Every structure is written in structure tokens, then in C-alpha cells.
Amino acid sequence: LIHEITHQMMNHWLSKLRTWYVEGSAEAVEMIEYDRGKFNLASRKSRLENYVDRGGGDGKNFTMLDPGELFEIESRTWAGALASIRGQATQNYHSAGLMTYYFYYLDGNGDGANLIAYLRELENADRSAETAAFEKHLLRGRSTDQLKEDLVKAFRGEGINLSFDEPGKNTAFTSPQ
């Protein structure tokens, strides 16, 4: 329910954002402990381990989708993975959730400032401005290989060992237009 309410709260933004962030932000909010009407970030690390465990890891290890592939997944491809019996949707959701978690809590100074700057730039822009804002505020000159290194290092500090699949996991779910 929290996941779906997060989407509703983001309604104004949905057409401006990439699928990984739309789904990842809902996953990241879902990851936060919710008890008696309040969200509690104090248990963030244990909730992260539980999230990795539910995503097919073992609470300490997780194989993410290649970031380059994750960033480019379109909604129809995401939906195609959901309809699959191969379980790709779980890896997609959890990869997006971990990527969003990274940009919320681990990137830069750990204060979400780069993600906030990305969203601020898109606030009054249309979808055509998204790629430039993404590269400027989230990638900040990094290649996806450099980002992978940063992800591994940051999550290692959270007690999670990341590895990455080769690109192409979602190509089977891309339907012709």
C-alpha cells in the first residue's frame, strides 16, 4: 500500500521521470519502517538488509541489474518483466530500490542533495530536460562503470555486497511498438 500511495503522491512528476526512479522511490519509501502512522528511519540499516533478503539476496549479497540497463528501462519493458514467469521483475524493483536508496542516503555527502538538485531542475521543465538533469546531478561526469564502483563501495559500508549482471536481462521483455 505504501508503494502505491507513493506513486499517487508523485503524480505530478511521473511523466518527467525515468521508470527506475518512479519505481525505486516507491520501493525506498516502502523500505522505511512504518508503525502507528509514523515513518522511522532509525532502523534503516536492518530494513535494508531485510529488503536485500526479500529481493533474492541473502541479506548481505545482492546482484543488481546493470545500472546502464536500469536507467534506460521504459515502462512497457518494466511491465513486460512483470508479466514474465522468470522473476525478472523482482530484480528490477530491488535494483531500482537500491539505486534510489543510494541517491537518497549514500551518494555525495549522504544528504540526498544531488537527487534534490535533479528534481528541482525538473520541477518546472518537461521530460525533454530529464537527460541533461540526470547527467548533471546524478551521474556528475561518472560513467556507469565508475558509478558501479561507487555503489559497491557505498553499500559495502552498509554491510551489503553488490555485484552486477551483464546488460541485457530485460531485452526479452521489450515488445515492438
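Shown above is the structure to which this text applies.
In this report, the structure presented in the accompanying data block is examined.

1. Structural notes on the overall build of the protein chain
- In terms of regular secondary structure, the protein chain is built from 9 helices and 4 strands.
- Secondary structure elements in the protein chain, listed N-terminal to C-terminal, are α-α-β-β-α-β-α-α-α-α-α-α-β.
- Against the compact-globule benchmark of 16 Å for 177 residues, the protein chain has a radius of gyration of 16 Å, which places it among compact chains.
- Considering only C-alpha atoms, the protein chain reaches an extent of 40 × 35 × 35 Å along its principal axes.
- Evaluated residue by residue, the protein chain yields a buried proportion of 46% over its 177 residues.
- Residue pairs in contact within the protein chain that sit at least 24 positions apart in sequence constitute 70% of those at least 6 positions apart.
- Averaging the locations of the 20 positively and 26 negatively charged side chains of the protein chain gives two centres separated by 3 Å.

2. Quick notes on empty space enclosed by the protein
- Under the counting rule described, the total for this entry stands at 1 cavity of 30 Å³ or more.
- What lines the largest cavity is Ala28, Met31, Ile32, Leu41, Arg44, Arg47, Tyr101 and Tyr105.
- Listing elements by their share of the lining of the largest cavity, those giving two or more residues are α2 (19–31), α3 (44–54) and α6 (88–106).
- A per-class count over the lining of the largest cavity returns 6 nonpolar, no polar and 2 charged.

3. Comments concerning the packing of α6 against helix α9 (residues 144–156)
- Packing of α6 against α9 brings their axes to within 11 Å, and their N-to-C directions diverge by 75°. Considered as vectors, α6 and α9 are oriented roughly perpendicular to each other. On the side of α6, the interface is formed by Leu98, Met99, Tyr101, Tyr102 and Leu106, while α9 contributes Leu147, Asp150, Leu151, Ala154 and Phe155.
- The residue inventory of the contact of α6 with α9, partitioned by class, reads 9 nonpolar, no polar and 1 charged.

4. Comments concerning the packing of α3 against α6
- One can describe the packing of α3 onto α6 by two numbers: an axis separation of 10 Å at closest approach and a directional angle of 160°. Taken together, the axes of α3 and α6 lie roughly antiparallel to each other. Note that α3 runs across α6; the crossing there is left-handed. Note on element contacts: α6 touches α3 through Thr90, Tyr93, His94, Gly97, Leu98, Tyr101 and Tyr105, opposite Arg44, Leu48, Tyr51, Val52 and Arg54.
- Along the lines of polarity and charge, the residues of the contact of α3 with α6 split into 7 nonpolar, 3 polar and 2 charged.

5. Concerning the layout of surface pockets
- Its boundaries defined by the atoms lining it, the second largest pocket holds a volume of some 170 Å³.
- Leu17, Arg18, Thr19, Phe71, Glu72, Ile73, Glu74, Ser75, Arg127, Glu130 and Thr131 are the residues that line the second largest pocket.
- Mapped onto the lining of the second largest pocket, the elements with two or more residues apiece are α4 (67–72) and α8 (130–139).
- For the lining of the second largest pocket, the class distribution of residues is 3 nonpolar, 3 polar and 5 charged.

Definitions and limits used
- Residues numbered from 1 in each chain as written.
- Predicted model: local features only at pLDDT ≥ 70, side-chain atom pairs only at ≥ 80, totals over all residues.
- Heavy atoms only, no water.
- Helix = DSSP H or I, 4+ residues; strand = E, 2+ residues; numbered from the N terminus.
- Rg over C-alpha atoms; globule rule 2.2 N^0.38 Å.
- Buried < 20%, exposed > 50% of the residue type's maximum accessible area, 1.4 Å probe, protein only.
- Contact = heavy atoms within 4.5 Å.
- Lys, Arg positive; Asp, Glu negative; His and termini not counted.
- Charge placed at Lys NZ, Arg CZ, Asp CG, Glu CD.
- 1 Å grid on protein atoms, 1.4 Å probe; cavity = no way out; pocket = protein on both sides within 12 Å on 5 of 7 lines; lining within 4 Å.
- Points joined across faces, edges and corners; volume = space filled by probe spheres on them.
- Nonpolar A, V, L, I, M, F, W, Y, C, P; charged D, E, K, R; others polar.
- Axes fitted to C-alpha atoms, helices over the stretch in contact; angles between N-to-C directions.
- Parallel < 35°, antiparallel > 145°, perpendicular 65-115°, else oblique.
- Left-handed = near helix turned anticlockwise from the far one by under 90°.

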